[in-house]
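Reading the structure
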There are 2 protein chains.
Amino acid sequence: MRLSNLADYAVVAMCAASRHCGGGKTSAAELAAETGLPVPTVQKLVSKLSAAGLLRSTRGAGGGLQLARPAAAITVADIVEAVEGPIALTACVEGADCLVEHDCSVKPHWPVVNEALRGALAAIPLTQLARTREIA
Amino acid sequence: MRLSNLADYAVVAMCAASRHCGGGKTSAAELAAETGLPVPTVQKLVSKLSAAGLLRSTRGAGGGLQLARPAAAITVADIVEAVEGPIALTACVEGADCLVEHDCSVKPHWPVVNEALRGALAAIPLTQLARTREIA
DNA sequence: ATCAATCGGACCGATTTGGTCCGATTAAGC
DNA sequence: GCTTAATCGGACCAAATCGGTCCGATTGAT
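Procedures and definitions
- Residues numbered from 1 in each chain as written.
- Chains lettered and ligands numbered in written order.
- Predicted model: local features only at pLDDT ≥ 70, side-chain atom pairs only at ≥ 80, totals over all residues.
- Heavy atoms only, no water.
- Axes fitted to C-alpha atoms, helices over the stretch in contact; angles between N-to-C directions.
- Helix = DSSP H or I, 4+ residues; strand = E, 2+ residues; numbered from the N terminus.
- Parallel < 35°, antiparallel > 145°, perpendicular 65-115°, else oblique.
- Left-handed = near helix turned anticlockwise from the far one by under 90°.
- Contact = heavy atoms within 4.5 Å.
- Near = heavy atom within 4 Å.
- Polar contact = N/O pair within 3.5 Å; in protein donor to acceptor, adjacent residues only side chain to side chain.
- Nonpolar A, V, L, I, M, F, W, Y, C, P; charged D, E, K, R; others polar.
- Pairing = 2+ DSSP bridges.
- Expected span 1.5 Å × (residues − 1).
- Buried < 20%, exposed > 50% of the residue type's maximum accessible area, 1.4 Å probe, protein only.
- Salt bridge = Lys/Arg side-chain N within 4 Å of Asp/Glu carboxyl O.
- Core = buried A, V, L, I, M, F, W, Y, C linked by side-chain atoms within 4.5 Å.

Observations regarding the packing of helix α2 (residues 28-35) of chain B against helix α3 (residues 39-51) of chain B
Residue and element names in this part refer to chain B. Viewed as axis vectors pointing N to C, α2 and α3 meet at an angle of 120°, and their least axial separation amounts to 9 Å. Taken together, the axes of α2 and α3 are oblique relative to one another. Once α2 is placed against α3, the crossing between them reads as right-handed. Where α2 approaches α3, its residues Ala28, Leu31 and Ala32 are matched on the opposing element by Val39, Val42 and Gln43.

Printed below as a string of structure tokens:
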């Protein structure tokens, strides 16, 4: 019942990237310096985030990264799904057959819980996270 | 972002145990037969569930298991926490220092998400799960 | 006191996760 | 047009956790 470290890091990294949104491009190395994460780890993250369409990467000298969408249109749920894949608490939510399929009275309830979690994550846009410790 | 298989199994096993509530005691072997899970796995589960105070075990010949509380007073959150430990999406929710502590603007938001998830799990008592496929 | 049936904990293999490294690609500069 | 430099992208490897299996300790009935 725990979020993977990578997903946690990704949220922090995207939060840092959103601060560079006005100033144009940033780089994986810069994000690593600001977040304190290892550079290769950040590179791995931006790969997945780019593939998911959350970041837009420009290669070559002078290249870098920028948000593919406005920060307000990116939620924690988007970031988590980009790194960990679809949010599914149990295998049967994704369609896999559980081994007690014939009389599994629990099955119908999981999608409800699943959507509750997803809704909680989708309710937090990147703009809200960028406000440094205002709600602490 | 996925529940462990053990936690999923534990919910199913507890659901099966609740059906024996009126009839008194059951056993790990019986639960295994009803759920289709391997016997040793169920034994492992009942150990943790007993330690968490959700099941009461009686040892010796003719012993067995029974719910320690009424089924209505046991929620999915209780079962998940019994098997997986406290529900904490990130390490910082539990008090551990993240390595970007000094300016982690994300940190204040995790407890909110965490409670939303926990609330969704705590809203489902065992009695609701026992109703076989009524809400499908 | 013996026996039988149960739970409880310890051991082992497998999968996933997290971290590191090197190569492919691209744009700028000469 | 070529060289150079800086970047992203994917492949490789170690570690931790998870899942499964087994055997021993404890307890009540006979």
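A look at the protein's contact with DNA strand C
Neighbouring residues of DNA strand C: 20 residues in total, closest Asn5(A), Leu6(A), Lys44(A), Arg59(A) and Gly60(A). The sugar-phosphate share of atoms of DNA strand C within 4 Å of the protein amounts to 73%. Ala28(B) places a polar main-chain atom, nitrogen or oxygen, 3.4 Å from a phosphate oxygen of DNA strand C. A distance of 3.2 Å separates a phosphate oxygen of DNA strand C from a polar atom in the side chain of Ser57(B). Those elements that provide at least two residues to the surface near DNA strand C are α1 (5-19) and α3 (39-51) of chain A together with α3 of chain B. Tallying contributions element by element places α3(B) first for the surface near DNA strand C, with four residues. For the surface near DNA strand C, the class distribution of residues is seven nonpolar, nine polar and four charged.

Details of the protein's contact with DNA strand D
In the vicinity of DNA strand D, 20 residues are found, and the nearest of them are Ser57(A), Asn5(B), Leu6(B), Arg59(B) and Gly60(B). Sugar plus phosphate: this is where 68% of the atoms of DNA strand D within 4 Å of the protein reside. Within the backbone of Asn5(B), a nitrogen or oxygen atom sits 2.6 Å from a phosphate oxygen of DNA strand D. Those elements that provide at least two residues to the surface near DNA strand D are α3 of chain A together with α1 (5-19) and α3 of chain B. For the surface near DNA strand D, the leading source of residues is α3(A), giving four residues. Here the residues of the surface near DNA strand D sort into seven nonpolar, nine polar and four charged.

Quick notes on the pairing of strand β2 (residues 64-67) of chain A
Residue and element names in this part refer to chain A. Relative to β2, strand β1 (residues 55-58) runs antiparallel, the two sharing four bridges. Pairing of Leu55 across the sheet is with Leu67, part of β2. Taking the residues between adjacent antiparallel strands as the criterion, β1 and β2 are bridged by five residues, where Gly60 takes a positive phi near 90°.

Some points on α1(A)
Every α-helix winds through 3.6 residues per turn, so residues three or four apart in the chain are directed the same way. Residues and elements named next belong to chain A. Its 15 residues place the ends of α1 22 Å apart at the C-alpha level, agreeing with the 21 Å of an ideal helix rising 1.5 Å per residue. When you tally the buried positions in α1, you get 11 out of 15 residues, the bulk of the element. Residues of α1 that are buried: Ala7, Asp8, Ala10, Val11, Val12, Ala13, Met14, Cys15, Ala16, Ala17 and Ser18.

With respect to the pattern of salt bridges
Where charged atoms from two side chains of opposite charge come close, those side chains can pair. Following the criterion strictly, the structure yields four salt bridges over all chains and no others. A salt bridge links Arg69(B) to Asp78(B); its shortest N-O distance comes to 3.4 Å.

Section: helix α4 (residues 76-84) of chain A
The set of residues buried in α4(A) consists of Val76(A), Ala77(A), Ile79(A), Val80(A), Ala82(A) and Val83(A). As for α4(A), its buried residues are in contact with α1, α3, α5 (110-122) and α6 (126-130) of chain A together with α5 (110-122) of chain B. Following α4(A) by one or two positions, Gly85(A) has its phi on the positive side, about 85°.

So, the nonpolar core
Judged by nonpolar contacts, the single largest core of 86 residues is most densely connected at Met14(A), Ile79(A), Trp110(A), Met14(B), Ile79(B) and Trp110(B). The residues touching Ile79(A), leaving out its near neighbours within four places in the chain, are Ala10(A), Val11(A), Met14(A), Leu49(A), Leu54(A), Ile74(A) and Leu126(A).

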